[in-house]
Amino acid sequence: MTDVIDAHDLRKQFASRGGPIEAVRGVSFAVSEGEIFGFLGPNGAGKTTTLRMLTTLLPIDSGSATVAGLDVAREPENVRKRIGYVSQLGGADDLATGRENLQLQGRLYGRENDYVAARVDELLTLLDLSSFADRRVKTYSGGQRRRLDVGLGIVHGPEVLFLDEPTTGLDPQNRANLWEHLRRLRERGTTILLTTHYLEEADALCDRVMIIDHGEIVAEGSPRELKREVVGDSVVLRVAEEGDGHERARALLTTAPFVSSVTQADDDQLRCYVEDGASALPELLRLLDSQRVGLRSISLSEPTLDDVFLAKTGRSLRDGGPAAREEVTA
Ligand SMILES: Nc1ncnc2c1ncn2[C@@H]1O[C@H](COP(=O)(O)OP(=O)(O)OP(=O)(O)O)[C@@H](O)[C@H]1O
Ligand SMILES: [Mg+2]
C-alpha cells in the first residue's frame, strides 16, 4: 500500500517567556491510503502542532514530511489542493445557512457553479444535513455543526482529510454518529488523520493510533496490537464489605505469581493485570476463597488504550483531561 502521509523526525519549538517550548520532539510515522489514523494524547501533547505542520499552516523547524506524495515544505500550494483541514474550532459562518457555507467554500476552491451545486447536494446527503440545510448555522446542534465542518473540509474532494478533535464536546450519540460518517468517507477512499483525547474514539474508529505525550510518540500501532503488546487482561474485583477483606485481597493478589500488578480502581474496586484472564480467573477465585475473602463481583476485561498509556507513561490519560469527565459507550 502507498503511504499517503509520511513524516520523518518532525520537530517544532515555540519561544515563550519561560524559555523555549519543545512542542514536537522528533515525530515519525506513516499513514497508508484509506486508513483512519488517530493521534491520541493529553492536552498540550503536540497533536495540533503536528497537524498544523503537516497541513502547511505552520513551518517545520526540522525533519520532513510528504502528503499525497508531495513535500510539505517545498510544495505547500500543491499539498493544500489535495488535503482538507477541519480545525479544532471549526470554520462555519454562523449567520449563513449550511448550504450557503458549503457553496461559498466550493467557490473558494475555484469550482464552477454547476459543479458546486451538485457537490453541495451530494455532501448534504452524505452527511445527513439535508433537512436543515437552509437554516442558519447558529441554530444547529453541536453534532450538526461538526458534520457541517467536516463537509466544509471535503467540498473539493481531498484525498486526505485532517480533523483536529472532530468530536470534542459532542455527546456520545452524536460522537458515534460522526464516526459513522467518517467511516463512510474512508470507504470512499479518503485517508483520514484525526486527533483526539478520547480513548474510546481512538479504539472504535481508528485503524491505527499513535499515542503522543510531551511532543513524543510513546506507542504506535493498531488499537488491538497496542493493547496486546503492552498488557495482558485485567480482572476487576469488588470485595464484600466485611472487615479488612479489601486490604487482605490486595495483599494476596500482590504476591500471587500469576498477577503482574494490582491497582486501586474506582469505588473500592481492585484491578489486577494477568497474562491470560481465562486461566487466571479460577486460580484467583481459589486463592481468595482459601483465605476466606468474600467477593461481591468479579469481571474480566480486555485492556484499554488507557492501560497502554499508563504502561508507557506511568500516568492515566483519564486524569484531568476531558476524557476523565466524559465516557462513551457507543
Ligand atoms: N503558537 C504557540 N506559541 C507558543 N506555544 C505554543 C503555540 N502553539 C502551541 N504551543 C505549545 O505547544 C505545546 C503543544 O500544543 P498543541 O496545541 O500542539 O497540543 P495539543 O496536543 O493539540 O493539545 P490539546 O489537546 O489541548 O489541543 C503546548 O505546550 C502549547 O502550549
Ligand atoms: Mg490541539
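Everything numeric here is computed off the predicted structure, so don't read it as measured data. (Residues numbered from 1 in each chain as written. Chains lettered and ligands numbered in written order. Predicted model: local features only at pLDDT ≥ 70, side-chain atom pairs only at ≥ 80, totals over all residues.)

Let's shift gears to the overall build of the protein. A count of helices and strands for the protein gives 12 helices and 14 strands. By principal-axis analysis of the C-alpha atoms, the protein measures approximately 80 × 45 × 45 Å. Per-residue burial for the protein yields a buried fraction of 39% across its 330 residues. In the protein, once contacts between residues fewer than 6 apart in sequence are set aside, the share between residues at least 24 apart is 70%. (Helix = DSSP H or I, 4+ residues; strand = E, 2+ residues; numbered from the N terminus. Buried ≥ 20, exposed ≤ 12 C-beta atoms within 10 Å, placed from the backbone. Contact = placed C-beta atoms within 7 Å.)

Before going further, it helps to examine the site of ligand 1. Neighbouring ligand 1 are 13 residues; Phe14, Ala23, Lys47, Thr48 and Thr49 lie closest to it. Counting residues per element, the shell around ligand 1 draws most heavily on helix H1 (residues 47–54), at three residues. (Near = placed C-beta within 6 Å.)

Peptide bonds are, in most cases, trans, and in most cases residues other than glycine have a negative phi. For Ala68, which is not a glycine, the phi torsion comes out positive at approximately 50°. As for its placement among the helices and strands, Ala68 is situated in the loop between strand E4 (62–67) and strand E5 (70–71). With phi around 50°, Glu165 is a residue other than glycine that occupies positive phi space. Following the sequence through the fold, Glu165 ends up in the loop between strand E7 (160–164) and helix H6 (172–187). The class for Glu165 is buried, based on 23 C-beta atoms found within 10 Å.

Here four strands make up an open sheet; going across it, the order is E2-E1-E4-E5 and the pairing antiparallel. Of all strands in the sheet, those bounded by a partner on one side alone are strand E2 (21–32) and E5. Contacts from H1 reach strand E1 (3–14), E2 and E4, with the element oriented near 120° to E1. (Pairing = 2+ DSSP bridges. Axes fitted to C-alpha atoms, helices over the stretch in contact; angles between N-to-C directions.)

Helices that pack against each other are described as a pair by the angle of their axes relative to one another and the distance between those axes. Between helix H8 (residues 223–230) and helix H11 (residues 305–313), the least distance of the axes is 9 Å, while the angle of their chain directions is 50°. Relative to H11, the element H8 is oriented oblique. Crossing hand, H8 versus H11: left-handed. Residues Pro223, Leu226, Lys227 and Val230 of H8 pack against Leu305, Asp307, Val308 and Ala311 of H11. The residue inventory of the contact of H8 with H11, partitioned by class, reads six nonpolar, no polar and two charged. (Parallel < 35°, antiparallel > 145°, perpendicular 65-115°, else oblique. Left-handed = near helix turned anticlockwise from the far one by under 90°. Nonpolar A, V, L, I, M, F, W, Y, C, P; charged D, E, K, R; others polar.)

This part covers the sheet that holds strand E6 (residues 83–86). Strands in a sheet are paired, the pairing made by backbone hydrogen bonds, and the direction either parallel or antiparallel. Read from one edge to the other, the open sheet built from six strands follows the order E6-E7-E8-E3-E9-E10, with strand pairing classed as mixed. Taken across any chain shown, the strands that pair with only one partner, and hence form the sheet edges, are E6 and strand E10 (216–221). The average angle at which neighbouring strand axes cross in this sheet is 15°, direction not considered. Where E6 and E7 come together, four bridges link them in parallel fashion. Looking at the pairing, Ile83 lines up with Val160 of E7.

Let's shift gears to the nonpolar core. With 69 residues, the main nonpolar core has Leu54, Val67, Val160 and Phe162 as its most contacted residues. Among the elements that line this core, the one with the most residues is E2, at five residues. Among the nonpolar cores identified, the runner-up in size contains 13 residues, and Leu253, Val274, Ala280 and Val293 belong to it. (Core = buried A, V, L, I, M, F, W, Y, C linked by C-beta atoms within 7 Å.)

The next thing to look at is the domain arrangement of the protein. Assigned domains of the protein: these are domain 1 (3–227) and domain 2 (232–302). Centre-to-centre separation of domain 1 and domain 2, based on C-alpha positions: 42 Å. (Domains from an automatic or database assignment.)

We now examine the confidence of the model for the protein. Overall, the predicted model of the protein reaches an average pLDDT of 90, with 96% of residues at or above 70. This stretch, residues 320–330, has a pLDDT under 50; its non-local contacts, to residues over four places away or in other chains, come to 21 contacts. (pLDDT = per-residue confidence, 0-100.)

Let us look at H6. Taking 1.5 Å of rise per residue, 16 residues should cover 22 Å, and H6 covers 23 Å from first to last C-alpha, within 8% of that figure. Listing the buried residues of H6 in full gives Arg175, Leu178, Trp179, Leu182 and Leu185. Relative to the axis of H6, the buried residues are bounded by an arc of 115° and lie together on one face. Along H6, the residues that are exposed and aim more than 90 degrees away from the buried face are Gln173, Glu180, Arg184 and Glu187. Among the structural elements, strand E3 (36–40), helix H5 (142–154), E7, strand E8 (191–196) and helix H7 (199–205) are those in contact with the buried residues of H6. (Expected span 1.5 Å × (residues − 1). Arc of directions from axis to C-beta.)

Burial in H8 covers these residues: Pro223, Leu226 and Lys227. Seen along its axis, H8 keeps its buried residues to an arc of 95°; they face one direction. H8 presents Arg224 and Glu229 as exposed residues on the side facing more than 90 degrees away from its buried surface. Those residues of H8 hidden inside the fold are in contact with H7, strand E9 (208–213), E10 and H11.

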